[in-house]
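Architecture at a glance
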Amino acid sequence: MRQSDHCRPFRPPDWGSPPPHCRNHHQSHRRPQPPPRFAVILLRAGPNVSTPTATEIDALIDGLQSPPPDNLSVFSSGRDAARLLFRSLPAAAAAARELWSLRLEGLHLLTPYLPNAAVAAHAFPLIASLFASHASRLLDSDLVSLSAARSAELAASIQSVKHRLSVRNNFRDFDQLNLQKETLEAEKDLVDAKIAEYKASMSLIRRAMLRGTDEEEEVEVDEEGVDVFGIGEGEDVDFVRLHKMMLRESRRLNEGLPIYAYRRKILNHIFHNQVIILIGETGSGKSTQLVQFLADSGLAADGSIVCTQPRKIAAAALARRVDEESNGCYTDNFVLSYSTFFNCQDFNSKIIFCTDSCLLHHCMNDVGLDDISYIIIDEAHERSLNTDLLLALIKTKLLDRVDLRLVIMSATADADRLSDYFYGCQTFHVKGRNFPVEIKYVPDVSVEASVNTVPNSLRDACATASYLNDVVRLVSIIHKNEEEGAILAFLTSQLEVEWACENFSDSSGMVLPMHGKLSQVEQSRVFKSYDGKRKIIFCTNMAETSLTIKEVRYVVDSGLAKESRFVPSSGLNILKVNWISQSSANQRAGRAGRTGPGKCYRLYSESDFSMMEVHQEPEIRKVHLGTAVLRILALGVKDA
Ligand SMILES: Nc1ncnc2c1ncn2[C@@H]1O[C@H](COP(=O)(O)OP(=O)(O)OP(=O)(O)O)[C@@H](O)[C@H]1O
């Protein structure tokens, strides 16, 4: 650790004579003064504690307009970047305020830490007022103007389409124009709602910062009711967290996941209803955002928010993503993921992503679910045995614990059926998706011959599964002809995935397998980037839901999946390749539009699609009932 000049390193001698305020220090021998004791410590942010450099910190402190410190130490590495000591309490508070002001302007990311209670008390109103002004400025920032301009542009387009609709049209044009108008109106509504959401959050921050001051604003009766942030009162306010939250709000307005536009409405719904069903398009932000909305609002203050996923890889990936996105907004270990259940696991972290089987095991141990206040069952359309058992168990818990809340979430679930099961609970729809996905049907490839055929060996698989060759061929065509972007191709088994990986040969592609038998480390290879090479991922339907593999722009959907089914006549479970449901097909397509517009190639015709089951059959209807009964008994249900 370099400790630069203990005394005023911020104006090196060769920069000219020291400014007048420095002379006090040099003249200190004339009149003994008490040692400076009011400290402002500048802390480095994040894990990379070696930035910024000592020279940059020197320059930053040197440029302050407020009275300079009476003693200064600058450190070139470590958590502390600089320690400023003052004799005067107001001078220390003014320096803290100015350092915060520079941080809010985006000039540095250091945190002024005030260890001395007197300095903190003195500085608090100054910094709070600074945050209030900053929130006011953000209300009219360039970001808001940009979104407002987009809204005006959409309004003009809507007017133009309306005008064209008012003149004579043939039936087909009329239909198309009407569709265009509706699409534009929906987009405009979304942009307007996002601006309103952003402004509501900034107004809330401003009001909180001015509370108890002469400028305190009257609380407007918010039509949506629930506050989106719990900011804290008085000196409990954590300015670092608040700043990170403001930055995240700006990112949300800028990047704009559709669910952001609905935040207050959703929170309000959840606040007033014990159970809601949330349906939103794939990629609209359900899995990554809802947990954050709940945690920020303080609605879940008394317990954790548990979000279940059907697969381990999704639980881990979502926890990583939420942690990364909310960086600094929460304390360490606020977001966790559990993929496998252990008896020693605590459920008292705030946001927990886990598999449905993990939560089911937890229920077996702690049937009261005392440490949980919100349960989100994600990807409910899959209707796995674990999900259905969980839903049944939670339904009984909801009667005992009126504070427990349940959100059932999916892009493609059968909302009516779920609503019926939960006494007609409300369904909330989130409209809009992140990026468009163009659907291309490739009907000239016949898959019918291979349906219901289970390959016994690799040789058989290649001989019988004609779609396997078709998938590999289509991937090759996309690779040669389409612009950059990874390709995700859905097959039905590990065997097929391995065969496709071996038989796809192109040195400009990075071919990767993705199936349930791979270790977590092997699975995580699909999330890495491979410079100069297009990622080509052959996967089973384990990659169908929840996952965001950033570069994926193209999806190849064979339309098939292998499923296990109990056959009562033989008493055996058999594996069968079957058509997927429309719900699954839409989930697969959704993997292409996560971080940019995408395309989904379906190896079947549009009429094949329309003949598929709308929703997949619940697993509980396909497995041997003994399995289900044993699990129910283990949950303590005696009259199963
Ligand atoms: N790991 C990631 N890297 C980059 N962007 C991501 C990542 N995870 C999520 N995103 C972004 O956030 C968006 C929303 O993801 P999220 O999982 O919350 O959507 P969702 O509505 O739950 O989708 P689905 O119904 O498919 O599970 C994605 O479309 C993508 O733009």
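Since the structure is predicted, the reported quantities are computational estimates derived from the model, not experimental observations. (Residues numbered from 1 in each chain as written. Predicted model: local features only at pLDDT ≥ 70, side-chain atom pairs only at ≥ 80, totals over all residues. Heavy atoms only, no water.)

For the protein chain, the helix and strand inventory stands at 20 helices and 19 strands. Among the 640 residues that make up the protein chain, the fraction classed as buried is 51%. The long-range share in the protein chain, meaning contacts at least 24 apart out of those at least 6 apart in sequence, stands at 76%. By element, 51% of the accessible surface of the protein chain is carried by carbon and sulfur atoms, the whole surface being about 30,200 Å². (Helix = DSSP H or I, 4+ residues; strand = E, 2+ residues; numbered from the N terminus. Buried < 20%, exposed > 50% of the residue type's maximum accessible area, 1.4 Å probe, protein only. Contact = heavy atoms within 4.5 Å. Areas by Shrake-Rupley, 256 points an atom, 1.4 Å probe, with all protein chains shown as cover.)

Let us look at the packing of aromatic side chains. Under the definition given, this model contains eleven aromatic pairs. When the centroid spacing of 5.1 Å and the interplanar angle of 85 degrees are considered together, the rings of Tyr421 and Phe422 count as edge-to-face. Judged by relative accessible area, Phe422 falls into the buried class, the value being 3%. Above the face of the Phe293 ring, Arg263 is positioned so that its terminal group lies 5.6 Å from the ring centre. Cation over ring: Lys395 sits above Tyr423, and NZ or CZ is 4.7 Å from the ring centre. (Phe/Tyr/Trp six-rings, centres within 6.5 Å; stacked < 30°, edge-to-face > 60°. Lys NZ or Arg CZ within 6 Å of the ring centre and 35° of its normal.)

Helix H7 (residues 239-255) packs onto helix H3 (residues 89-104) with a crossing angle of 20 degrees between their chain directions and a minimal axis gap of 12 Å. In terms of their interaxial angle, H3 and H7 are classed as roughly parallel. Along this stretch, H3 crosses H7, giving a crossing that reads as right-handed. Where H3 approaches H7, its residues Trp100, Arg103 and Leu104 are matched on the opposing element by Phe239, Val240, His243 and Lys244. Looking at the contact of H3 with H7, its residues break down into four nonpolar, one polar and two charged. (Axes fitted to C-alpha atoms, helices over the stretch in contact; angles between N-to-C directions. Parallel < 35°, antiparallel > 145°, perpendicular 65-115°, else oblique. Left-handed = near helix turned anticlockwise from the far one by under 90°. Nonpolar A, V, L, I, M, F, W, Y, C, P; charged D, E, K, R; others polar.)

It is worth spelling out the site of the ligand at this point. Taken together, 19 residues are adjacent to the ligand, and Lys286, Ser287, Thr288, Arg591 and Arg594 come closest. Interatomic distance of 3.1 Å between a backbone N/O atom of Ser284 and an oxygen atom of the ligand. Take Arg591: an N or O atom from its side chain is 2.7 Å from an oxygen atom of the ligand. Coverage of the ligand by the protein chains reaches 92% of its 630 Å² of free accessible surface. Elements supplying a minimum of two residues to the shell around the ligand: helix H9 (286-297) and helix H10 (312-325). Per element, the largest residue contribution to the shell around the ligand is three residues, and it comes from H9. Of the residues contributing to the shell around the ligand, the split by class is two nonpolar, ten polar and seven charged. (Near = heavy atom within 4 Å. Polar contact = N/O pair within 3.5 Å; in protein donor to acceptor, adjacent residues only side chain to side chain.)

What follows is about the packing of helix H4 (residues 117-139) against H7. It is at 12 Å that the axes of H4 and H7 come closest, and there the two elements cross at 5 degrees. Classified by the angle their axes make, H4 and H7 are roughly parallel. Here Phe124, Ile127, Ala128, Phe131, His134, Ala135 and Leu138 of H4 come into contact with H7, specifically with Phe239, Leu242, His243 and Met246. In terms of residue class, the contact of H4 with H7 is built from nine nonpolar, two polar and no charged.

A separate point is the state of the cysteines. Taken as a whole and assessed by the stated rule, the structure comprises zero disulfides. Free of any disulfide, Cys329 has its nearest cysteine sulfur in Cys307, 18 Å distant. Cys425 takes part in no disulfide bond, and the closest cysteine sulfur to it belongs to Cys307, at a distance of 17 Å. By relative accessible area, which is 12% here, Cys425 ends up buried. (Disulfide = S-S within 2.5 Å.)

Read across the open sheet, the four strands follow the order S2-S3-S1-S4; overall the sheet is antiparallel. With partners counted over all chains shown, the strands left at the sheet margins are strand S2 (71-74) and strand S4 (111-113), one partner each. Between one strand axis and the next, the sheet turns by 15 degrees as a mean value, whatever way the strands run. Of the strand pairs in this sheet, strand S1 (residues 38-43) and strand S3 (residues 80-86) are connected by six bridges, and their pairing is antiparallel. The residue bridging Ile41 from the neighbouring strand is Arg83, located in S3. (Pairing = 2+ DSSP bridges.)

This part covers the pattern of salt bridges. Close approach of charged atoms allows side chains with opposite charge to pair. For the coordinates displayed, the defined rule picks out 27 salt bridges. A salt bridge links Glu185 to Lys181; the nearest nitrogen and oxygen atoms lie 3.6 Å apart. Taken as a pair, Glu185 and Lys181 lie in helix H6 (residues 171-210) at a separation of four residues, close to a single helical turn. Accessibility expressed as a relative area gives 17% for Lys181, which makes it buried. Across the salt bridge formed by Arg383 and Asp388, the nearest N and O atoms sit 2.8 Å from each other. For the pair Arg383 and Asp388, one class covers both residues: buried. Residues participating in the shared-partner salt-bridge network are Glu197, Glu249, Arg252, Arg263 and Arg264. (Salt bridge = Lys/Arg side-chain N within 4 Å of Asp/Glu carboxyl O.)

Time to look at the environment of Leu299. You can see Leu299 is positioned in the loop between H9 and strand S6 (304-309). Between the C-alpha atom of Leu299 and that of Asn434, which follows or precedes it by 135 residues, the distance is 27 Å. For Leu299, the contacting residues outside a window of four places in its chain are Val226, Leu267, Phe271, Leu294 and Tyr374.

On to the nonpolar core, then. Among the nonpolar cores identified, the biggest contains 96 residues, and Met209, Ile351 and Phe353 are the most heavily contacted of them. Top element by residues in this core is H6. It accounts for twelve residues. Those residues within four positions of Met209 in sequence are excluded, and the remaining contacts are Ala128, Phe131, Ala132, Ile231, Val237, Phe239 and Leu242. In terms of nonpolar packing, the next biggest core, distinct from the first, is built from 35 residues, Ala380, Leu385, Ala415 and Ala628 among them. (Core = buried A, V, L, I, M, F, W, Y, C linked by side-chain atoms within 4.5 Å.)

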